[in-house]
Amino acid sequence: MHRAGLEAVQLRHKSQLTSEEYVKQEAWKSANLERCPLHPEGGCGIARHTPYARVEPPGMFIARSYCEKGHTTFSLLPDCLASRLSSTLPDMERVVDAVEQRESSVEAVAEKLRPDIEVQGAVRWARRRVMAAAIALLVLKGLQPDVLARVSPTMGGFRAALGVEAVLPALREMAGAQLASVPPYVGFGPHATGGKTGRRRRQQGKGADPP
Ligand SMILES: [Zn+2]
């Protein structure tokens, strides 16, 4: 873990707002920790910290609290946003849906959705999202076997089984207290490292979170 500087811990700001609504309502102002996760007994001097600005979407800020005793910053990420990725969860879901439903190549989808960048970059952009979603679906199957054991680990499969429009925010809700062990961009845990050397490094995109 990053022990060199201040600890930063991501927590959930439970919110039904879309990212547009969140920005418009400046909803980060009402995101607040009732008690410090490290010191629920209180007395640690936890206080609101300056919110930080996300690159995407424009105008988005994330509420933060700082625990003096634990030297820890907590950021409160709303459910509409991906973690550690400059994207909303619904935008990410649209990419995964496009790949899933077309049954065509990631390359074709990537070129269509990101005509603004070169093909290789677009493919990496799409693949990061597809892989992160696939991992999240599998992890959730493991966490909720009673509900999901027989469900195919696809957006379509989960959407039908859960009866929701947006699968990824629903996964965040379902993960509950296990959210810290679900990899990004859905969960707040560490990246799944996988087996291949260097894979993790190559997969890291532009940071959406504060250093
Ligand atoms: Zn504290």
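The shown structure was predicted, so the numbers you read here are calculated from the model rather than taken from an experiment. (Residues numbered from 1 in each chain as written. Predicted model: local features only at pLDDT ≥ 70, side-chain atom pairs only at ≥ 80, totals over all residues. Heavy atoms only, no water.)

(A) How the structure looks around the nonpolar core. Counting residues in each nonpolar core, the largest one holds 40 residues, and the members touching the most others are Met92, Leu140, Phe158, Leu168, Leu171 and Val186. Of all the secondary-structure elements, those providing two or more residues to this core are β3 (61–67), β4 (72–78), α2 (89–102), α4 (119–143), α6 (155–162) and α7 (167–175). Among the elements that take part in this core, α4 stands out by supplying five residues, more than any other. The residue makeup of this core includes at least three contributed by each of domain 1 (7–78) and domain 2 (89–203). Among residues more than four places away in sequence, those in contact with Leu140 are Leu148, Phe158, Leu171, Met174, Ala175 and Val182. If you look at the next biggest cluster of nonpolar residues, it comprises 10 residues, including Val95, Val109, Trp125 and Ala126. (Core = buried A, V, L, I, M, F, W, Y, C linked by side-chain atoms within 4.5 Å. Buried < 20%, exposed > 50% of the residue type's maximum accessible area, 1.4 Å probe, protein only. Helix = DSSP H or I, 4+ residues; strand = E, 2+ residues; numbered from the N terminus. Domains from an automatic or database assignment. Contact = heavy atoms within 4.5 Å.)

(B) Main features of the coordination of the zinc ion. All of the protein donors around the zinc ion are Cys36 (SG), His39 (ND1), Cys44 (SG) and Cys67 (SG); their distances to the metal are 2.0 to 2.4 Å. One way to put it: the four donor atoms around the zinc ion meet at angles of 102 to 115°, and that makes the site tetrahedral. Counting along the primary sequence, the residues that act as donors to the zinc ion give the motif C-x2-H-x4-C-x22-C. With Cys44 in the loop between α1 (19–25) and β2 (47–53) and Cys67 in strand β3, the pair connects residues that are 23 residues apart, well separated along the chain. For Cys44, a relative accessible area of 5% translates into the label buried. (Donors = N, O, S within 2.8 Å, 3.2 Å for Na, K, Ca; no water. Tetrahedral: all angles 85-135°; square planar, octahedral: opposite > 155°, others 65-115°.)

(C) Geometry of the packing of aromatic side chains. One pass over the full model with this rule turns up two aromatic pairs. Relative to Trp28, the ring of Tyr22 has its centre 6.4 Å away and its plane inclined at 45°; by these criteria the two rings are tilted. Here the two residues Tyr22 and Trp28 agree in accessibility, since each one is buried. Taking the relative accessible area as the measure of exposure, Trp28 reaches 8% and is therefore buried. Three or more aromatic residues link up through ring pairs in this structure, and these residues are Tyr22, Trp28 and Phe61. (Phe/Tyr/Trp six-rings, centres within 6.5 Å; stacked < 30°, edge-to-face > 60°.)

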